[in-house]
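The chain contents come next:
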Amino acid sequence: MKRNLSALKKHIKGTRMKEKTKVVLLGGSNSIAVNGLQKGLRQENIELTNLALGGTDNLQNLFELVHSKNQKVLSEADFIVIETNINDSYMIPQGFNLQTIGRNFCWLCEKLYQFNKKVIFLILPFVYDNLSLNALLKSKANYYGFNVVDIHEQYKKWGLLQFYNTTDAYHQIYALMCLVGQRIIESFDEFKSPKPRMGCAEDLPDFAILSPVECMGAESLTPIHYGNSTYQETTYKITKNNAIQFPEEMEGYAVVGVKIWNLGLVRKNSVSFVLSNQKSKVVKTILDGHLLVHTLDSILEIDGQSYFRINTENEPMTESSVWLHKDRQIYPDIDSTNVVCFYLARGGKWNYEIPYNVEVQVESEYDFSHILPNFKAIKEIIEEYCIRMDKVKFAPLQKQIQTLQSQSGSATARLQSHLAYKLGNAMILNSKSLWGMIRLPYVLSYIKESHRIEQQQYQERIKKNPKLKLPPLESYADYKEAIQIKNYTSYKLGEGLIAANRAGGGGQYCFICSKPLWLKSVG
């Protein structure tokens, strides 16, 4: 009996050890990058569900929490890791109202809190980070008891924002983000649960997700299934000939976003659509074929005459879209769009106070920025590596420069490489014999053609690498002595021949054949 009980205990212990920690990841493209954050989170003992979507603000994250298909994975999750600040901050200079982005973020935080999970908010480094949205995030983290890992503040503290900005302000170095993911996994036992509810719950709107096929006039719509290694969606192609009307049961809801996937289109392509009711309309133009959620900056309430249609009359945009400011009016070249769904909201609280341009500190108990790697030390490692490797990488270039310098490493050598000097020198050398005079025209022709090729090759080299351009003659140590070469007989003879050649009409031959005139100067 005791042996059986011992075996049972071992079995239970082994089963528990094999159980994986379940993590849900929400965010933008920094959470999608294969070798970035999600790679760091995908450890052997972790079961990761990635619900992130690039190029979209926090509204997408909110409706991933709302969507019925995600309820099981969310209810079973141990942690929710989320980042929104880069895409949210980006929307403001794109023409979106701070109040709209802030309101959606407040909805997101309340919805996150309702799942009663440990939430870890990442604040990613962003040179255009919005101070008000940053303060809102931290104030909500303090209110709900969300854990915060503030990479942006660490970069600011050590002056690293510009260094790590590289050529892409919107995406962090993947290897660094992978390290951050690993540190989060290592620190799971330290993260705090949300605070107990203080007072009444926020009055959230009733959220709904509406498929185009549920709309009136959808009979002519054909479902198109799109998928890749990350997403699987069913879209419905809406053309200029088949506007759809929102159903009667959705009256009173407001459209807050549209999810669209125009797979196959490129950035230069654009399509414009109109959302309208009896009183107003919203006109948006969208670029590219990526799967994106287009947040509405305006509140468009569904009534008995609410439609979604293609903008066939080139009506001007009334508000911005992802990657497209409303002031940049363009003419669409595509007359259809593939809609996945509409995001709707009704009732509840819509007006929130946004902390304008104030700084908020995360409560120390929930501030986990100390788990981050030492980014300052990593910067110093990168810099030292570059210093060492620059010698190796630039060795071929230095060799080219040295070759050129050896060929013309002094002002004297440079002037002696001038065409005038080479021509004049050849004239003097070949003037000493009859045979030399006979072959002189051929020698001069060869020198001229060789010089032309050398100059052409030099121009091609400096076009590819401007660093190979030779310095000014004045910069050489022997410049004062070398400049006297221009007074040499050989140089002046060459200049005379070049001038005669430019004059044309056989002048160059007359110059060469007038031997007594120039030979006299040779002595």
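You'll find the structure just up there.
These numbers come from a predicted model, not from an experiment.

*Asks:* Is there a simple way to explain the pairing of strand β12 (residues 281-287) in this structure?
*Replies:* Within a regular beta strand, the side chains point alternately toward one face of the sheet and then the other, so they alternate between its two faces. In terms of residue burial, β12 counts as a mostly covered element, since six of its seven residues are buried. Where strand β11 (residues 270-276) lies against β12, seven bridges are found, and the strand directions are antiparallel. Within β12, the residue paired with Ser272 across the bridge is Thr285. Counted along the chain from β11 to the antiparallel partner β12, the turn is four residues long.

*Asks:* Even after reading the chapter, I still don't get the sheet that holds strand β1 (residues 21-26), so can you show me in this structure?
*Replies:* Through backbone hydrogen bonds, the strands of a sheet pair up, either in parallel or in antiparallel fashion. A sheet is described by the order of its strands in space; here five strands give the open sequence β2-β1-β3-β4-β5, paired in parallel fashion. Bordering the open sheet on either side are β2 (46-50) and β5 (147-150), each of which pairs with just one other strand. The mean angle between the axes of side-by-side strands here comes to 20°, regardless of whether they run parallel or antiparallel. In the sheet, β1 pairs with β2 via five bridges, with the strands oriented parallel. In the sheet register, Val23 faces β2, and the bridge partner there is Leu48. Where helix α7 (residues 98-114) meets the sheet, its contacts fall on β1, β3 (79-83) and β4 (118-123), and the angle it forms with β4 comes to roughly 150°.

*Asks:* I keep staring at α7 and nothing clicks. Help me out?
*Replies:* One turn of the α-helix equals 3.6 residues, which is why residues spaced by three or four share an orientation. Along its 17 residues, α7 runs 25 Å from first to last C-alpha, staying within 8% of the 24 Å computed at 1.5 Å per residue. For α7, the buried fraction is high: 15 of the 17 residues fall into the buried class. Its side-chain oxygen 2.7 Å from the backbone nitrogen of Gln99, Asn97 forms the N-cap of α7. At the exit of α7 stands Asn116, carrying a positive phi of roughly 55°.

*Asks:* Whenever I open this one, the environment of Asp335 confuses me. Can you help?
*Replies:* The topology assignment puts Asp335 in the loop between β14 (307-310) and β15 (336-346). Separated by 94 residues in the primary sequence, Asp335 and Asn241 have C-alpha atoms spaced 9.3 Å apart. Residues in contact with Asp335, not counting those within four places in the same chain, are Ile238, Thr239, Lys240 and Ile310.

*Asks:* When you look at helix α15 (residues 419-430) in this model, what are you seeing that I'm missing?
*Replies:* Here α15 is twelve residues long and its end C-alpha atoms lie 16 Å apart, about the 16 Å a rise of 1.5 Å per residue gives. In terms of residue burial, α15 counts as a mostly covered element, since nine of its twelve residues are buried. Listed as buried for α15 are Leu419, Ala420, Tyr421, Leu423, Gly424, Ala426, Met427, Ile428 and Asn430.

*Asks:* In this structure, what is going on with the nonpolar core? I would like to understand it.
*Replies:* Looking at soluble globular proteins, one finds that nonpolar side chains tend to be buried together. Membership of the largest hydrophobic core comes to 56 residues, with the highest contact counts inside it found for Trp107, Leu112, Phe121 and Phe146. In terms of residues, this core owes the most to one element, α7, which gives nine residues. With residues near it in sequence (within four places) discarded, Phe121 still touches Ile82, Thr84, Phe105, Cys109, Leu112, Leu137, Phe146, Asn147, Val148 and Val149.

*Asks:* Looking at this structure, I do not really get unusual backbone geometry. What am I missing?
*Replies:* Glycine aside, residues mostly have negative phi, and peptide bonds are mostly found in the trans state. Despite not being glycine, Asn116 shows a phi value in the positive range, around 55°. One can find Asn116 in the loop between α7 and β4. Residue Asn116 is classed as exposed on the basis of its relative accessible area of 58%. Of note in the backbone geometry, Asn314 takes a positive phi value of approximately 55° without being a glycine. Within the secondary structure, Asn314 is located in the loop between β14 and β15.

*Asks:* Looking at this structure, I do not really get the packing of aromatic side chains. What am I missing?
*Replies:* Describing an aromatic ring pair means giving the distance of the ring centres and the angle of the ring planes. Per the stated rule, a full pass over the model turns up 24 aromatic pairs. Ring centres of Phe126 and Tyr170 lie 5.5 Å apart, and the angle between their planes is 50°; on these two criteria the pair is classed as tilted. One end of the pair, Phe126, is in the loop between β4 and α8 (131-144); the other, Tyr170, is in the loop between α10 (161-165) and α11 (174-186), and 44 residues separate them in sequence. Centre to centre, the rings of Phe163 and Tyr164 are 5.0 Å apart; their planes meet at 85°, and the pair counts as edge-to-face. Since its relative accessible area comes to 27%, Phe163 is described here as partly exposed. Note on Tyr164: relative accessible area 2%, which makes it buried. In textbook terms, an aromatic cluster arises when at least three aromatic residues are bridged by ring pairs, as seen for Phe105, Tyr113, Phe121, Tyr143, Tyr144 and Phe146.

*Asks:* Help me understand the pairing of strand β13 (residues 291-301) in this model?
*Replies:* For β13, the buried fraction is high: eight of the eleven residues fall into the buried class. Across seven bridges, strand β10 (residues 254-261) lies against β13 in antiparallel orientation. Considered in β13, the bridge of Trp261 is made with Leu291.

*Asks:* Looking at this model, I keep getting lost on the sheet that holds strand β9 (residues 244-245). Mind explaining?
*Replies:* Spatial strand order, β9-β14-β11-β12: four strands in an open sheet with antiparallel pairing. Sheet topology places β9 and β12 at the edges, where each strand pairs with a single neighbour. With two bridges connecting them, β9 and β14 associate as antiparallel partners. When the bridges of β14 are listed, Ile244 appears paired with Phe308.

*Asks:* Looking at this structure, I do not really get the packing of α7 against α8. What am I missing?
*Replies:* The angle between the axes and the distance between the axes are what describe a pair of packed helices. The geometry of α7 relative to α8 is characterised by a closest axis approach of 11 Å and an angle of 20° between their N-to-C directions. On the basis of their axis angle, the class for α7 and α8 is roughly parallel. The chirality of how α7 crosses α8 is right-handed. Together, Leu98, Ile101, Gly102, Phe105, Cys106, Cys109, Glu110 and Tyr113 of α7 and Ser132, Leu133, Leu136, Leu137, Lys140 and Tyr144 of α8 make up the contact between the two elements. Considered class by class, the residues forming the contact of α7 with α8 number ten nonpolar, two polar and two charged.

Criteria and cut-off values
- Residues numbered from 1 in each chain as written.
- Predicted model: local features only at pLDDT ≥ 70, side-chain atom pairs only at ≥ 80, totals over all residues.
- Heavy atoms only, no water.
- Buried < 20%, exposed > 50% of the residue type's maximum accessible area, 1.4 Å probe, protein only.
- Helix = DSSP H or I, 4+ residues; strand = E, 2+ residues; numbered from the N terminus.
- Pairing = 2+ DSSP bridges.
- Axes fitted to C-alpha atoms, helices over the stretch in contact; angles between N-to-C directions.
- Contact = heavy atoms within 4.5 Å.
- Expected span 1.5 Å × (residues − 1).
- Polar contact = N/O pair within 3.5 Å; in protein donor to acceptor, adjacent residues only side chain to side chain.
- Core = buried A, V, L, I, M, F, W, Y, C linked by side-chain atoms within 4.5 Å.
- Phe/Tyr/Trp six-rings, centres within 6.5 Å; stacked < 30°, edge-to-face > 60°.
- Parallel < 35°, antiparallel > 145°, perpendicular 65-115°, else oblique.
- Left-handed = near helix turned anticlockwise from the far one by under 90°.
- Nonpolar A, V, L, I, M, F, W, Y, C, P; charged D, E, K, R; others polar.

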